[in-house]
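Listed below are the residues making up each chain.
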Amino acid sequence: MKPTQLGSFSDRIARHVRAIPRSGIRDFFDIVSTMHDVISLGIGEPDFDTPEHIREATCQALRDGVTHYTSNMGLLELRQALSSYVQKTYGVTYGPEREILITVGVSEALDLALRALINPGDEVLYHEPCYVSYAADVIFAHGVPIAVETRAEDGFRLTRKMLEERVTPRTKLLLLNFPNNPTGATLAREDVAEIAAFAREHDLIVITDEIYAELSYDAPHSSIAAEPGMRERTLFLHGFSKAWAMTGYRMGYACGPEELIEAMMKVHQYTMLCASSFVQHAAIEALRQPEEDIGIMRREYERRRNFIVDAFREIGLPCARPRGAFYAFPRIAGFGLSSTDFAFKLLEEEKVAAVPGTAFGACGEGFLRCAYATSLDNLREAMARLGRFVGRLKRES
Ligand code: PLP
């Protein structure tokens, strides 16, 4: 029999998947990985080792033969530990039996939530600049992403007024991320209350990605889930990647109303089954002394934050003060270069890698994301190189 001709394979890829470009970050770092002596301020990944006792617990779990499936919801012992942790840290109580789902990172939790909630055409409000996955994840779930621009002049603050301008009768969800990747912005308590009132009045469900919550420097983090009347309409997403330096473990969780967690569990059950069993044991260990583990890293990030913001300003690059996470988002406009050209030229001429702001939404044009998840020595050298580079650009322009 004659083999069937497939023709161009790309025609067969689903239209909505085809329409989404690859993440700009990946292409950029494929190039970086082929170069030597590059100082990378690029990847959003802690430079700290995962705390030793957590790694040891992982090895012990493997030695004990913990290598099989767990319940789809995740180990009950872990859900119980998370219930106490979230209650103590954020002041919201979730039942470990039915209101907490263990996932493969916040990434999976977000995907499950969007797939569980979105009917084709539902609109999802989110703020830009934002984490690279949000708009794509909404489209994969057949929703319509609606970006709300935040601005450097306001410290990338998100206000109720900005949301009111973009809400429509089709809006179903509001997706929040504070402390924010890529700007480091946090939400002031009053803004949290106002945004909560907005969600209640428009009857929206809020998905809040609080993966950087422990890395808040200037004020304690307050979760929208803890606002009056919000627990029943909020899905709280969190994980171990950032604050515990456990990116490779792929460990996250979702806390929310029972019916929503049940719907997410259904998608998770048929697609992922469960998060890795020995990784769940490591997460139980990570919750034994979180403040000791995280405190050391947070203090160091804060020192670096203070250094890098001052350095940008000395170089002449305006930079809103990041109040959380480990990113700064300086303005690099005014030299006749797009963000992408600036990033590539900086890489080529001074071997400093940072991500063009446009990777985080169109309004990121004119900015560069610099992660300070690298040593102070590296940051000093990177800032010296950047200063030289900007000095040349100023002379040329
Ligand atoms: N959410 C935000 C805002 C992030 O910055 C990242 C990673 O950079 C993620 C989610 C992914 O988290 P995880 O490693 O838990 O999948």
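Above this text sits the structure in question.
On a predicted model such as this, the values are computed, not experimentally measured, just so you know.

About the thresholds
Residues numbered from 1 in each chain as written. Predicted model: local features only at pLDDT ≥ 70, side-chain atom pairs only at ≥ 80, totals over all residues. Heavy atoms only, no water. Helix = DSSP H or I, 4+ residues; strand = E, 2+ residues; numbered from the N terminus. Rg over C-alpha atoms; globule rule 2.2 N^0.38 Å. Buried < 20%, exposed > 50% of the residue type's maximum accessible area, 1.4 Å probe, protein only. Contact = heavy atoms within 4.5 Å. Areas by Shrake-Rupley, 256 points an atom, 1.4 Å probe, with all protein chains shown as cover. Lys, Arg positive; Asp, Glu negative; His and termini not counted. Charge placed at Lys NZ, Arg CZ, Asp CG, Glu CD. Near = heavy atom within 4 Å. Polar contact = N/O pair within 3.5 Å; in protein donor to acceptor, adjacent residues only side chain to side chain. Pairing = 2+ DSSP bridges. Axes fitted to C-alpha atoms, helices over the stretch in contact; angles between N-to-C directions. Parallel < 35°, antiparallel > 145°, perpendicular 65-115°, else oblique. Left-handed = near helix turned anticlockwise from the far one by under 90°.

Caption draft 1: View of the overall build of the protein. When you go through the protein residue by residue, the secondary structure sums to 13 helices and 12 strands. Taken over C-alpha atoms, the radius of gyration comes to 22 Å for the protein, in line with the 21 Å a tight globule of 397 residues would show. A burial count over the protein gives 54% of its 397 residues as buried. In the protein, of all internal contacts separated by at least 6 residues, the share reaching a separation of at least 24 is 75%. In the structure as shown, the protein presents an accessible area of about 17,700 Å², 50% of it carried by carbon and sulfur atoms. Here the protein contributes 45 positively and 54 negatively charged side chains, and the mean placements of these two sets differ by 3 Å.

Caption draft 2: Structural view of the site of the ligand. The ligand sits among 13 residues. The nearest are Ser107, Asp209, Tyr212, Ser241 and Lys242. The separation between an oxygen atom of the ligand and a polar side-chain atom of Ser241 is 2.7 Å. Residue Lys242 places a side-chain N or O atom 2.6 Å away from an oxygen atom belonging to the ligand. Looking at the shell around the ligand, the element that brings in the most residues is helix α5 (residues 105-117), giving 3 residues.

Caption draft 3: Structural context of the pairing of strand β12 (residues 368-371). Neither face of β12 is left uncovered, since the one carrying Leu368 and Cys370 and the one carrying Arg369 and Ala371 both have all their residues buried. Relative to β12, strand β11 (residues 355-356) runs antiparallel, the two sharing 2 bridges. Paired with Pro356 across the bridge in β12 is Leu368.

Caption draft 4: Local environment of unusual backbone geometry. A cis geometry characterises the amide bond from Glu128 onward to Pro129, with omega recorded as 0 degrees. Mapped onto the fold, Pro129 is located in the loop between β3 (123-128) and α6 (134-140). Pro179 follows Phe178 through a cis peptide bond whose omega is -10 degrees. Following the sequence through the fold, Pro179 ends up in the loop between β5 (171-176) and α8 (189-201). Of note in the backbone geometry, Leu273 takes a positive phi value of approximately 70 degrees without being a glycine. Tracing the backbone through its elements, the reader meets Leu273 in the loop between α9 (258-271) and α10 (277-286). According to the relative accessible area criterion, Leu273 is partly exposed, its value standing at 32%. For Lys351, which is not glycine, the phi torsion reads 55 degrees and is therefore positive.

Caption draft 5: Focus on the packing of α5 against α9. Between α5 and α9, the shortest axis-to-axis distance is 9 Å and the interhelical angle comes to 110 degrees. By the angle between their axes, α5 is roughly perpendicular relative to α9. At the point where α5 passes α9, the crossing takes the right-handed sense. Here Glu108, Ala109, Leu112, Ala113, Arg115, Ala116 and Leu117 of α5 come into contact with α9, specifically with Leu260, Ala263, Met264, Val267, His268 and Thr271.

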